[in-house]
Amino acid sequence: MKKLTLLPLALLIATTALANSRNWKPAKIDVSSETSVSSKLLGEKNTMRYTIETEDMIYFVEYIFKTGHADSHPPNLTETEVTKIAVEGHHVYVLDVAGKEIKMHITKKLAKK
C-alpha cells in the first residue's frame, strides 16, 4: 500500500522539476526608463522599463514594484553585460547578479533583421 502512495508523489515531484526547467539563452539588458506613480488609494509604485537584446530578438519589458516595502525593490541587474533570459508566453525571466530569477512582463518584441 505504501508503494502505491509513493508513486503519485514521485510523479508530482518529477513533473514539478520538469516544469521549472527553462530554456535559457544569453542576452544583454539596458534600462530604458523609470516611472513613479503615487495615489492615495494604491500608494506609490515604480515601473522599470528595460530593453533586452538576444541574438535574434529585442524585447521591451516592464518590472513593477511598490516603494516603501522592505521586500520590494528594483532587480539587481548589471547593464550592458551578458546575462541569461528565458521567454515564456508574455513574460521573460531574467537571472540577476545573484542568480535569482526575476519575472518581467513583455510589452513589445521585435525580430532582428
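Everything below is about the structure shown above.
Worth saying up front: this structure is predicted, and the values here are computed from it rather than measured.

**Notes on the pairing of strand β2 (residues 43–53)**
Point 1. With 11 bridges connecting them, strand β1 (residues 25–39) and β2 associate as antiparallel partners. Each residue of the ladder has a partner; that of Ser38, found in β2, is Glu44.
Point 2. Sheet topology places β2 next to strand β3 (residues 57–66); nine bridges connect them, and they run antiparallel. Bridged to Tyr50 within β3 is Val61.
Point 3. Once β2 ends, the chain turns through three residues before running back antiparallel as β3.

**Let's talk about the nonpolar core**
Point 1. Counting 17 residues, the largest nonpolar core has Tyr50, Ile52, Val61, Val92, Val94 and Met104 as its most contacted members.
Point 2. Among the elements of the structure, β1, β2, β3, β5 (91–95) and β6 (101–111) are those that each provide at least two residues to this core.
Point 3. Here this core gets five residues from one element, more than from any other, and that element is β3.
Point 4. If near-sequence neighbours (up to four positions away) are discounted, Met104 is found in contact with Tyr50, Val61, Glu62, Tyr63, Pro75, Leu77, His90, His91, Val92 and Val94.

**Details of the pairing of β6**
Strand residues, when the strand is regular, have side chains that alternate between the two faces of the sheet.
Point 1. Bridging between β3 and β6 involves six bridges; their strand directions are antiparallel. Across the sheet, residue Val61 finds its bridge partner in β6, namely Ile106.
Point 2. Note that β5 and β6 share five bridges and pair antiparallel. Each bridged residue has a counterpart across the sheet, and for Leu95 the counterpart in β6 is Glu101.
Point 3. If you look at the hairpin formed by β5 and β6, you'll find five residues sitting between the two strands, and Gly99 has a positive phi there, around 85 degrees.

About the cut-offs
Residues numbered from 1 in each chain as written. Predicted model: local features only at pLDDT ≥ 70, side-chain atom pairs only at ≥ 80, totals over all residues. Heavy atoms only, no water. Pairing = 2+ DSSP bridges. Helix = DSSP H or I, 4+ residues; strand = E, 2+ residues; numbered from the N terminus. Core = buried A, V, L, I, M, F, W, Y, C linked by side-chain atoms within 4.5 Å. Buried < 20%, exposed > 50% of the residue type's maximum accessible area, 1.4 Å probe, protein only. Contact = heavy atoms within 4.5 Å.

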